[in-house]
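Survey of secondary and tertiary structure
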There are 2 protein chains.
Amino acid sequence: MTLAAQSVTPRARDPKAVEAAIAALAAAFGNRLVTSLAVREQHGNTFTWIPNEPPDAVVFPQSADDVQQVVRICAAHRVPVIAFGTGTSLEGHVNAPRGGISIDMRDLNRVLAVHAEDLDCMVEPGVTRKQLNEHLRDQGLFFPIDPGADASLGGMAATRASGTNAVRYGTMKDNVLGLTAVLANGEVATTGRRAKKSSAGYDLTRLLIGSEGTLGVITSLTLKLHGIPEAIAGGHCPFPSVEAACNATIETIQSGIPVARIELLDDVQVKATNIYSKLSLPETPMLFVEFHGSPASVAEQSERFSEIAAEHGGGPFEWTTKAEDRTRLWQARHDAALACKVLRPGGQVVATDVCVPISRLAECVTETQRDIIDRSLVAPIVGHVGDGNFHVAIVVDMDDRDEIKAVEGLIERLTERALAMEGTCTGEHGIGQGKMKYLEAEHGKPALDAMRAIKRALDPDDIMNPGKIVAV
Amino acid sequence: MTLAAQSVTPRARDPKAVEAAIAALAAAFGNRLVTSLAVREQHGNTFTWIPNEPPDAVVFPQSADDVQQVVRICAAHRVPVIAFGTGTSLEGHVNAPRGGISIDMRDLNRVLAVHAEDLDCMVEPGVTRKQLNEHLRDQGLFFPIDPGADASLGGMAATRASGTNAVRYGTMKDNVLGLTAVLANGEVATTGRRAKKSSAGYDLTRLLIGSEGTLGVITSLTLKLHGIPEAIAGGHCPFPSVEAACNATIETIQSGIPVARIELLDDVQVKATNIYSKLSLPETPMLFVEFHGSPASVAEQSERFSEIAAEHGGGPFEWTTKAEDRTRLWQARHDAALACKVLRPGGQVVATDVCVPISRLAECVTETQRDIIDRSLVAPIVGHVGDGNFHVAIVVDMDDRDEIKAVEGLIERLTERALAMEGTCTGEHGIGQGKMKYLEAEHGKPALDAMRAIKRALDPDDIMNPGKIVAV
């Protein structure tokens with residue numbers, strides 16, 4: 001099996017250095033250093049079709065100081081370190097193409113402080129988004145970023161995650177006030193403070209967010225929080241075409257309706273979701289929509305959206321403020337990736353994403369659907385349509401070489417299509433190993449050279465998650 | 001006169017190199033290169049008490065290619081380049097401590113494209129915010145960032161500007177999708193595309209925003225736009241104390257009211273504003289508040305705010321949706337810095353800002369007021385209170401050395417106070433020359449070292465606005 005997503009091996013693995021680093025780590029961490037193949041394989045990429053490249057060992061630190069010690073030992077031996085959250089990334093981010101030490105943040109799972117008056121909190125990187133929201137609920141607060149998986153907040157920052165709420169609440173880049181990270185030199189940098197904004201120097205916070213562990217290992221995060229809305233209204237709205245759904249979305253946003261979520265499911269996805277989640281939605285392009293605000297405000301937003309939808313041939317928009325009905329709908333949306341499999345039992349789901357200006361979204365989705373049909377592939381589409389971001393979940397027979405080739409071609413054309421529309425090769429999945437080859441086409445050589453220069457300046461020995469984002 | 005705000009001169013000015021660069025620029029740009037002292041002085045710092053350090057020449061490019069050519073000529077001779085927008089920065093950002101060439105963006109003032117459906121536009125760096133909003137009005141769109149001065153958008157990006165609307169719409173970091181910049185090597189980097197979000201590699205956009213021209217010279221910006229709200233309601237609300245006003249603000253934000261502007265004026269500022277703007281507000285701490293939304297929504301927001309204010313002893317909240325009344329109020333707010341002077345005719349206004357977690361704001365403002373009174377200084381306070389950001393506008397007799405010393409002490413204590421409260425030494429004015437000395441106290445050595453490493457990596461000859469932010 002050949003894959004479009006190749007890993008890059010800029011420097012060879014140095015077995016003696018690895019051995020020495022492992023010996024030093026074993027002395028420091030005892031049985032919190034694990035070298036069994038099973039555990040190592042669990043810490044390479046397991047979530048997608050990108051081949052598993054396990055690290056040489058996995059260490060389970062219990063504090064930020066532990067993380068610093070791991071990095072210092074690895075830096076002394078010039079051995080790679082790969083931060084590991086929940087392993088739910090999609091582009092091979094946690095693979096170890098040059099070997100090295102995986103730092104599993106499982107035990108760094110404390111909520112360190114919640115400042116309700118300031119709407120912020122400080123957490124360790126292994127805290128997951130659901131864990132944080134459980135912790136916050138009693139105080140009427142929540143953290144809005146929801147990439148689907150119950151990912152760790154450190155991993156979400158490292159990959160600049162977003163998801164269904166991003167149209168209203170932004171992405172991780174908008175919801176992290178600051179963080180601490182161990183740099184390649186073993187020093188702990190603090191970027192940003194608890195002030196809501198600052199003009200004090202280079203924005204290292206935003207530089208580390210989305211750097212996928214290639215510039216530093218995050219050891220704590222200060223996050224923005226939001227009050228749980230007084231009222232939430234949501235529902236689903238069928239449309240005659242993807243174009244009509246996209247145009248209704250554009251008009252909704254243009255008219256200033258502060259929609260909290262607006263998600264497109266194409267007809268294929270609706271079919272899969274109906275089967276998997278036992279719903280009976282009309283099998284036509286569909287928007288799932290949610291509004292946050294006061295009771296009067298969410299009712300007004302719902303009515304106005306309903307009118308806009310009708311103008312574009314959509315509707316009826318069936319909405320409710322009842323939690324149980326909304327939950328059922330959004331659970332179905334979250335299960336979209338699982339639902340795909342019912343269309344082809346035994347298949348593996350290969351998920352990819354792009355993001356384009358919203359005016360081009362209908363065209364981009366429609367052309368992609370045509371490409372899918374032309375190649376007889378099974379590939380439902382769901383989209384964070386308010387942001388112009390959509391996912392194609394291709395259900396693949398991994399034993400069929402021709403089909404794999406067709407899928408690779410589909411992803412390549414999809415990416416080229418998005419770039420030609422002034423979009424990006426990934427709205428939220430990240431670069432990892434899988435999308436490195438598109439980075440120059442997206443950014444151009446001068447910007448890519450600048451990224452490389454930054455990487456070399458902050459990590460001259462290339463020990464921080466090497467072979468991801470940029471090859472140096 | 002000694003000043004707290006010292007410039008740093010990391011490398012000496014090289015007169016021969018400057019001469020050669022000017023000769024090359026003169027050959028390329030003819031009379032668009034100006035070396036008269038008057039023009040050069042206009043392009044050093046003129047807006048604040050930081051001494052004027054004029055460049056050796058000023059060039060007026062008419063295109064991005066011209067800017068690239070200027071940088072290439074200067075790079076070849078290792079001569080500094082300093083981008084110049086409207087010269088309204090407050091911390092000596094446009095000064096030329098090592099000489100060099102000021103690049104005045106006056107003629108790069110075209111709005112290159114407006115994409116109404118995508119709510120974005122592309123502009124040259126010399127376009128000012130008012131010019132852009134004039135251009136957009138007919139399409140029902142606006143750009144929300146409003147730092148007071150009619151600054152250039154390039155300058156606003158370079159200094160990570162924000163202002164009164166930031167509590168709802170964010171700062172420049174949240175409203176720039178991407179930009180192009182000439183780097184020190186003479187290459188033009190494009191950072192970011194028109195997609196609303198991306199996870200594709202390092203966030204060079206955010207790295208350049210707030211870098212104050214020390215990493216690159218911005219030649220175009222892609223900006224997020226917003227629909228002009230259907231309805232705007234606003235008004236003023238007196239409070240018995242700064243603390244009461246701050247607590248009402250905290251509760252307003254916590255309860256999810258999407259306030260668009262919420263500005264604190266202390267009693268001294270209200271007095272100055274009453275005189276300057278011919279108003280008759282009660283001379284007590286005051287919030288100016290504005291809400292954006294549908295007519296029903298702004299009425300609901302206004303009523304709810306009114307209730308919250310009353311709970312904290314504030315009110316009556318007098319609000320209106322009439323444009324002329326609102327304009328009068330916000331014009332008075334914008335004229336706050338001018339109004340200060342009526343308290344002490346002939347004095348020079350020295351403006352400084354800090355930003356703290358909102359729970360500490362009342363304490364920070366109150367302690368600062370006490371410090372002002374103890375030293376018999378004249379210094380009204382206005383604040384973007386929703387963000388915890390406030391300004392002290394000290395009206396100084398520049399001939400009184402003792403008073404200047406007292407003012408320097410006030411600013412130093414204010415900054416230390418903000419840092420001790422987990423805040424930042426500047427919420428929106430930037431570092432420039434004036435606040436370099438606080439940067440290590442704010443960020444710590446490892447983060448500052450990382451900033452220096454980035455600066456050296458991207459600008460090894462230190463030609464990009466040297467002596468600002470970090471000394472290398």
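Bringing the sheet that holds strand S1 (residues 33-34) of chain A into the picture now. All names here are of chain A. Taken together, four strands build an open sheet; the order of strands is S1-S2-S4-S3 and the sheet is mixed. With one partner strand each, in any of the chains shown, S1 and strand S3 (81-84) form the two edges of the open sheet. In this fold helix H1 (residues 15-29) packs onto S1, strand S2 (57-59) and strand S4 (101-104), with an angle of close to 30° to the strand it touches most, S2. Packed on one face of the sheet, helix H3 (residues 64-77) meets S2, S3 and S4 and runs near 175° to S4.

What follows concerns the packing of helix H14 (residues 361-374) of chain B against helix H15 (residues 401-420) of chain B. Residues and elements named next belong to chain B. One way to put it is that H14 packs onto H15 with a least axis distance of 11 Å and a crossing angle of 160°. In terms of orientation, H14 and H15 fall into the roughly antiparallel class. H14 and H15 meet at a crossing whose hand is right-handed. Between H14 and H15, the residues in contact are Cys364, Glu367, Thr368, Asp371 and Ile372 and Leu410, Arg413, Leu414, Arg417 and Ala418, respectively. Here the contact of H14 with H15 is built from residues that sort into five nonpolar, one polar and four charged.

Each partner contributes residues to the interface: chain B has 79 residues there, and chain A has 79 residues. Every element with two or more residues in the side of chain B that touches chain A is listed here: helix H7 (172-175), strand S9 (188-191), helix H8 (204-208), helix H9 (242-254), helix H11 (295-311), helix H16 (439-443) and helix H17 (445-458) of chain B. Top element by residues in the side of chain B that touches chain A is H17(B). It accounts for nine residues. Of the residues assigned to the side of chain B that touches chain A, the class counts are 32 nonpolar, 28 polar and 19 charged.

Here the focus is helix H15 (residues 401-420) of chain A. Each full turn of the α-helix corresponds to 3.6 residues, which orients residues three or four apart in the same direction. Residue and element names in this part refer to chain A. With 20 residues, H15 ought to run about 28 Å at 1.5 Å a step, and its terminal C-alpha atoms sit 29 Å apart, in line with that. Taken as a whole, H15 has its buried residues at Ile404, Val407, Leu410, Ile411, Leu414, Thr415 and Ala418. One side of H15 holds all its buried residues, which, seen down the axis, span an arc of 125°. Facing away from the buried side of H15, by more than 90 degrees, are the exposed residues Arg401, Asp402 and Ala420. Where H15 is buried, its residues touch strand S16 (348-355), helix H14 (361-374) and strand S18 (389-396).

Moving on, we come to the pairing of S18(A). All names here are of chain A. Of all the eight residues making up S18, seven are buried; the element is thus mostly covered by neighbouring parts of the structure. Relative to S18, strand S17 (residues 381-384) runs antiparallel, the two sharing four bridges. If you follow Gly383 over to S18, its bridge partner there is Phe390. Hairpin geometry of S17 and S18 is characterised by an intervening segment of four residues between the two adjacent antiparallel strands and by a positive phi of about 75° at Gly388.

Another aspect to go through is H11(B). The first and last C-alpha atoms of H11(B) sit 25 Å apart over 17 residues, in line with the 24 Å expected at 1.5 Å per residue. When H11(B) is considered as a whole, its buried residues turn out to be B:Ser297, B:Val298, B:Glu300, B:Gln301, B:Ser302, B:Phe305, B:Ile308 and B:Ala309. Tucked into the core, H11(B) has its buried residues touching helix H11 (295-311) of chain A together with strand S12 (231-238), H9, strand S14 (286-293) and strand S15 (318-320) of chain B. Following H11(B) by one or two positions, B:Gly313 adopts a phi angle in the positive range, close to 80°.

In this model, chain A carries a mean pLDDT of 95, and residues with pLDDT of at least 70 account for 98%. Scored as a complex, the prediction yields pTM 0.96 and ipTM 0.96.

A common way to report how large an interface is uses the accessible area buried once the components associate. Residue and element names in this part refer to chain A. Here chain A is partitioned into domain 1 (108-227) and domain 2 (231-432). Look at where the C-alpha atoms of domain 1 and domain 2 centre, and you get two points 26 Å apart. Contacts between the two partners involve 13 residues from domain 1, matched on the other side by 15 residues from domain 2. Taken together, the residues of the side of domain 1 that touches domain 2 sort by class into four nonpolar, six polar and three charged.

Residues and elements named next belong to chain B. The mixed open sheet is built from four strands, whose spatial order is S1-S2-S4-S3. Single-partner strands in this sheet number two, and they are strand S1 (33-34) and strand S3 (81-84). The pairing of S3 with strand S4 (residues 101-104) spans four bridges and is classified as parallel. Looking at S4, one finds that Ile82 is bridged to Ser102. Against the sheet, helix H3 (residues 64-77) engages strand S2 (57-59), S3 and S4, with an angle of about 175° to S4.

Below, the discussion takes up the packing of H9(B) against H11(B). All names here are of chain B. Two elements in contact, H9 and H11, have axes whose closest approach is 9 Å; the angle formed by their N-to-C orientations is 140°. The angle between H9 and H11 places the two elements in the oblique class. The two elements H9 and H11 meet at a crossing, and its hand is right-handed. Listed contacts from H11 to Ala248, Glu251 and Thr252 of H9 are Phe305, Ile308 and Ala309. Among the residues forming the contact of H9 with H11, the class breakdown is four nonpolar, one polar and one charged.

What counts and how
- Residues numbered from 1 in each chain as written.
- Chains lettered and ligands numbered in written order.
- Predicted model: local features only at pLDDT ≥ 70, side-chain atom pairs only at ≥ 80, totals over all residues.
- Pairing = 2+ DSSP bridges.
- Helix = DSSP H or I, 4+ residues; strand = E, 2+ residues; numbered from the N terminus.
- Contact = placed C-beta atoms within 7 Å.
- Axes fitted to C-alpha atoms, helices over the stretch in contact; angles between N-to-C directions.
- Parallel < 35°, antiparallel > 145°, perpendicular 65-115°, else oblique.
- Left-handed = near helix turned anticlockwise from the far one by under 90°.
- Nonpolar A, V, L, I, M, F, W, Y, C, P; charged D, E, K, R; others polar.
- Expected span 1.5 Å × (residues − 1).
- Buried ≥ 20, exposed ≤ 12 C-beta atoms within 10 Å, placed from the backbone.
- Arc of directions from axis to C-beta.
- pLDDT = per-residue confidence, 0-100.
- Domains from an automatic or database assignment.

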